[in-house]
Amino acid sequence: MHDAYEPVPILEKLPLQIDCLAAWDDWLLVGTKPGHLLLYGIKKDAGTNRFEVTLEKSNKNFSKKIQQLFVVSQYKILVSLLENNIHVHDLLTFQQITVISKARGATLFACDLQSRGKFSYVPKSMAWCENSICVGFKRDYYLIRMDGRGSVKELFPTGKQLEPLVAPLADGKVAVGQDDLTVVLNEEGVCTQKCALNWTDIPVAMEHQPPYIIAVLPRYVEIRTLEPRLLVQSIELQRPRFITSAGSNVVYVASNHFVWRLVPISIASQIRQLLQDKQFELELQLAKTKDDSDADKRQQIHHIQNLFAFNLFCQKRFDDSMQVFSKLGTDPTHVIGLYPDLLPSDYRKQLHYPNPLPTLSGAELEKAHLALIDYLAQKRSHLVKQLNDPDPFATSPLMEGTPTIKSRKKLLQIIDTTLLKCYLHTNVALVSPLLRLENNHCHIEESEYVLKKAHKYSELIILYEKKGLHQKALQVLLDQSTKANSPLKGHERTVQYLQRLGVENLDIIFEFSPWVLKICSEDGLKIFTEDLTEVETLPRDKVLNFLKEGFKELAIPYLEHIIHLWDETQPEFHNVLIQLYLEKVQGLMKVYLSSLPEGQTRSCFIRAQYIYSSNRSEIQSWVSVSVHQSTRRQINCAHP
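Just so we're clear, the structure is a prediction, and the values are computed from it rather than from any experiment.

(A) Region of interest: the overall build of the protein chain. Counting its regular elements, the protein chain contains 22 helices and 26 strands. The C-alpha radius of gyration of the protein chain comes to 46 Å, more than 25% above the 26 Å expected for a compact globule of 640 residues. Structurally, the protein chain occupies a C-alpha span of about 160 × 55 × 45 Å along its principal axes. Counting every position in the protein chain, which comprises 640 residues, the buried fraction comes to 46%. Sequence-distant contacts, at least 24 apart, represent 49% of the contacts inside the protein chain between residues at least 6 apart. When the accessible area of the protein chain is evaluated, it comes to approximately 33,300 Å², of which 49% is carbon and sulfur surface. Here the protein chain carries 73 positive and 73 negative side-chain charges, and the mean point of each set is 4 Å from the other.

(B) How the structure looks around the sheet that holds strand 21 (residues 212-216). On the basis of which strands lie adjacent, the open sheet formed by four strands has the order 20-21-22-23 and antiparallel pairing. Only two strands of the sheet have a single partner each, and these edge strands are strand 20 (205-209) and strand 23 (230-236). Within this sheet the neighbouring strands show an average axis-to-axis angle of 20 degrees, counted without direction. By the bridge criterion, five bridges tie strand 20 to strand 21 in an arrangement that is antiparallel. Residue pairing for strand 21: Glu207 is matched across the bridge by Ile214.

(C) How the structure looks around the pattern of salt bridges. Applying the stated rule across the entire model yields 16 salt bridges. A salt bridge links Arg145 to Glu187; its shortest N-O distance comes to 3.4 Å. In this pair, Arg145 is assigned in strand 14 (residues 140-145) and Glu187 in the loop between strand 18 (181-185) and strand 19 (197-198), connecting sequence segments 42 residues apart. Classification of Glu187 as partly exposed rests on a relative accessible area of 22%. In this structure, Lys466 engages Glu438 in a salt bridge whose closest nitrogen and oxygen atoms are separated by 3.2 Å. Separated by 28 residues along the polypeptide, Lys466 in helix 11 (residues 457-466) and Glu438 in the loop between helix 9 (431-436) and helix 10 (444-453) bring together distant segments of the chain. The class of Lys466 is partly exposed, set by a relative accessible area of 38%. Residue class for Glu438 comes out exposed when judged on its relative accessible area of 73%. Ionic contacts of the salt-bridge type, sharing partners, join the residues Arg145, Glu187 and Glu188 into one network.

(D) Region of the structure containing the packing of aromatic side chains. Here the structure, examined in full by the defined rule, presents 13 aromatic pairs. In this structure an aromatic cluster arises from ring pairing among Phe510, Phe528, Phe546 and Phe551. Above the face of the Phe94 ring, Lys57 is positioned so that its terminal group lies 5.0 Å from the ring centre.

(E) Region of the structure containing helix 11. Within the span of helix 11, buried status applies to Glu459, Leu460, Ile461, Ile462, Leu463 and Tyr464. Those residues of helix 11 hidden inside the fold are in contact with helix 9, helix 10, helix 12 (470-480) and helix 13 (492-499). Phi turns positive one or two residues past the end of helix 11, at Gly468, with a value near 75 degrees.

(F) The arrangement of the packing of helix 18 (residues 540-550) against helix 19 (residues 555-564) in detail. At a closest axis distance of 9 Å, the pairing of helix 18 and helix 19 adopts a crossing angle of 160 degrees. Here helix 19 runs roughly antiparallel to helix 18, going by the angle between their axes. Seen from helix 18, the contacting residues are Arg540, Val543, Leu544, Leu547 and Lys548; seen from helix 19, they are Ala555, Tyr558, Leu559 and Ile562. Residues belonging to the contact of helix 18 with helix 19 are distributed by class as follows: seven nonpolar, no polar and two charged.

(G) Summary view of unusual backbone geometry. For the peptide bond that leads from Pro210 to Pro211, omega is 5 degrees, which places it in the cis range. With respect to the helices and strands, Pro211 occurs in the loop between strand 20 and strand 21. A cis geometry characterises the amide bond from Glu227 onward to Pro228, with omega recorded as 0 degrees. For Pro228, the position within the fold is in the loop between strand 22 (220-225) and strand 23.

(H) The arrangement of the pairing of strand 7 (residues 77-82) in detail. Among the six residues in strand 7, six count as buried, and that is most of the element. A two-sided burial pattern is seen for strand 7, the buried positions comprising Ile77, Val79 and Leu81 on one face and Leu78, Ser80 and Leu82 on the other. Sheet analysis places strand 6 (residues 66-72) next to strand 7, joined by six bridges and oriented antiparallel. Counted as the bridge partner of Val72 is Ile77 from strand 7. Taken together, strand 6 and the strand that follows it, strand 7, pair antiparallel across an intervening segment of four residues, in which Lys76 is found at a positive phi of about 55 degrees. Relative to strand 8 (residues 85-90), strand 7 is paired through six bridges, and the arrangement is antiparallel. Within the sheet, the bridge partner assigned to Ile77 lies in strand 8 and is Asp90.

Reading the values: rules and limits
Residues numbered from 1 in each chain as written. Predicted model: local features only at pLDDT ≥ 70, side-chain atom pairs only at ≥ 80, totals over all residues. Heavy atoms only, no water. Helix = DSSP H or I, 4+ residues; strand = E, 2+ residues; numbered from the N terminus. Rg over C-alpha atoms; globule rule 2.2 N^0.38 Å. Buried < 20%, exposed > 50% of the residue type's maximum accessible area, 1.4 Å probe, protein only. Contact = heavy atoms within 4.5 Å. Areas by Shrake-Rupley, 256 points an atom, 1.4 Å probe, with all protein chains shown as cover. Lys, Arg positive; Asp, Glu negative; His and termini not counted. Charge placed at Lys NZ, Arg CZ, Asp CG, Glu CD. Pairing = 2+ DSSP bridges. Axes fitted to C-alpha atoms, helices over the stretch in contact; angles between N-to-C directions. Salt bridge = Lys/Arg side-chain N within 4 Å of Asp/Glu carboxyl O. Phe/Tyr/Trp six-rings, centres within 6.5 Å; stacked < 30°, edge-to-face > 60°. Lys NZ or Arg CZ within 6 Å of the ring centre and 35° of its normal. Parallel < 35°, antiparallel > 145°, perpendicular 65-115°, else oblique. Nonpolar A, V, L, I, M, F, W, Y, C, P; charged D, E, K, R; others polar.

Any link to function would need more than the numbers given here.
Structure representation (C-alpha cells):
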C-alpha cells in the first residue's frame, strides 16, 4: 500500500445535514436536508494542501427536498432532482429554466453529455455506459440499450444488501456493486475484468479517478486500482456518505455535517514509493499522467517498463518478461545476461541489474530458456531483414550507463550463439538446422567450445563446413573415424565431405584423401569419380598426377572412368592410359618370367623381348582399340 491521497477538511460541523454534493472547477454545491442550496468557492493556498473556503451564495428556499445535483458546466446549468422531479436551473443565478415534465416521480437520474443531454431515470442507481444505461433496482441490475428499441438485458442480483450501486468509469464502462464486490461491465453487459474488486466493506458510493477507484465505505474511504488489483489506501473519516468530483484530481467526500477534499499526493512521491514496493504496473500508469515534457516522460516510462520486465523475470514469469523486453527494444545482450553461462564472462561483467538475479535450475531453467528462444528468434528475424540497412543502429540499455551493442552483425553473432547454447539445453534437434542457415552468424570459438563440451561432433562438422573451416572439419572426421561409439566412425563421411569441396579446395582434398585411399581404395577413388558436379569439374590432370604419385594402381581405373563415362577426349589422357597399359603388360611379363625354373629363364626372357620388340606397334594398336571400344582384355603370356 502507498498514500495516493491526503484528506483535507473543507467544511466542518455544518449545522445543516448534507444530502448531496456536486462540484466543478473551484466550486462546491451542497444540498441539505432542509432544502437549502449552498455554493462554496474553494481556493487552494499556494505551496500547501490548505484551502480557503468561502460561502459565495446560499438559497434557503431552493426546494423542500434536494435529492440529487448534477452540474453541466459547459452549458452553465444545474440539473437537480427536487421532490421527485427533475429541474434545470441557471448555474450562476439559480433561476429555474425548466422542469422535465416526462420525468415526474423520478427517484434518480443520469446525464450523458455525449448524447445531446438526454435524461433517464430509474428507482435506485444508474449510469451511462457508452450507448447503454446500466440500472440497478432493489433486487437486480439491468442493461438498457439505447438502440431505438430500448432492449433490456437482465444482468444479476444486487446481492444480500439489496441496495444497488452503479458508477461510471472514465473509459465508458461502469463499475457495478454486489455487496463487497465490484465488477466492471462494458456496454454489452459483459464483464471485462478477470476478477472482481473485493472491498473491506460494502461501498455506498464510488468515484473513478484513473488509475484509482475510490469507494465510500461506512467508516472510511478506500482506494483501489482495477489493474493491477491493489488496495492502495484506506482513509478513516467520520461516517462518510457522499463522493463527487469536479474533474481530474478534484474529489470531495462528505458526511452529514463534514466535507473533505481528497488532495492527490504528488505523482513523483507516489512513483518513488511504488518503486520501492515494486508495483511497476501502477507506477507506469501514474508516470503516463505526469506533466513532464514528452522526452522526459518517455524516458521515465521506458525506465519503469524495463524495471517491470526485470521484475517479471525475477518472479519467474519468463514469457511475460520477454514480451515486455521485446516491445521496449532493450538490448538483447542485457536480456541474455539474465541467464547463467550464455554470455562471455568478460562482457557479462560489464552488465548491471537493479537487483540480484534469481537462481535458475532444472525445469525452471528450461522454461526460462524456452521463453528466451522465442524472444531471440523474433529479434533475429527482425535483424536479418535490416542487416544491410544503412541507417544507424541502436538499442536501449536495461540500466542507464550499461554499454550496448552498436553493430547489427555483432548482435546477430551473439543472438545466434546464444540460440545454439539454448538449443543444446532444450532441444538438440534444432542445433543442426540453425548451423545450416546460410546467414548463420554463430561465433566460431564459442560455438566450437560448447559443441565439443556436449560431444556434438556431427553438429561441429556442420559449423566448420558453413564457416569454410574444411581442414578442421576433416580433422574431426579423421579423429572420430576410429572411435567405436562415434556416429562418425569409418570413412564414409570423409568421402562425402571431400566430394562436396570442389576445385577451389583441391589442396585440401589431396591432403585428406590419402588415408581413405589407403584403407579402402575403391571408396577412396569415389572422391574423384562420383557423379557430382563438384567432382566432375576437378582438374583431371592434377588428379591424375596425384594418383600416379601416391596411388599409381588407381590411375588406370580413374582414366577409364573419365574416358568411358565422362567422355574425356583430350589425347594426353588416352596416351597416358595406353602407356599405363603397356607398363602393365611389361610388368605381367616380368612376373611370368620370374616364375619360370632357373634354366629356362634366360631363353624365355630373350624370346619375350623379341616378341615384344617385333610386335610393339601391334600391341599399342591393340591397347588403343581396347580403350576406345571400352573393353578390358586380359594379356596372357604363353610358354614358348
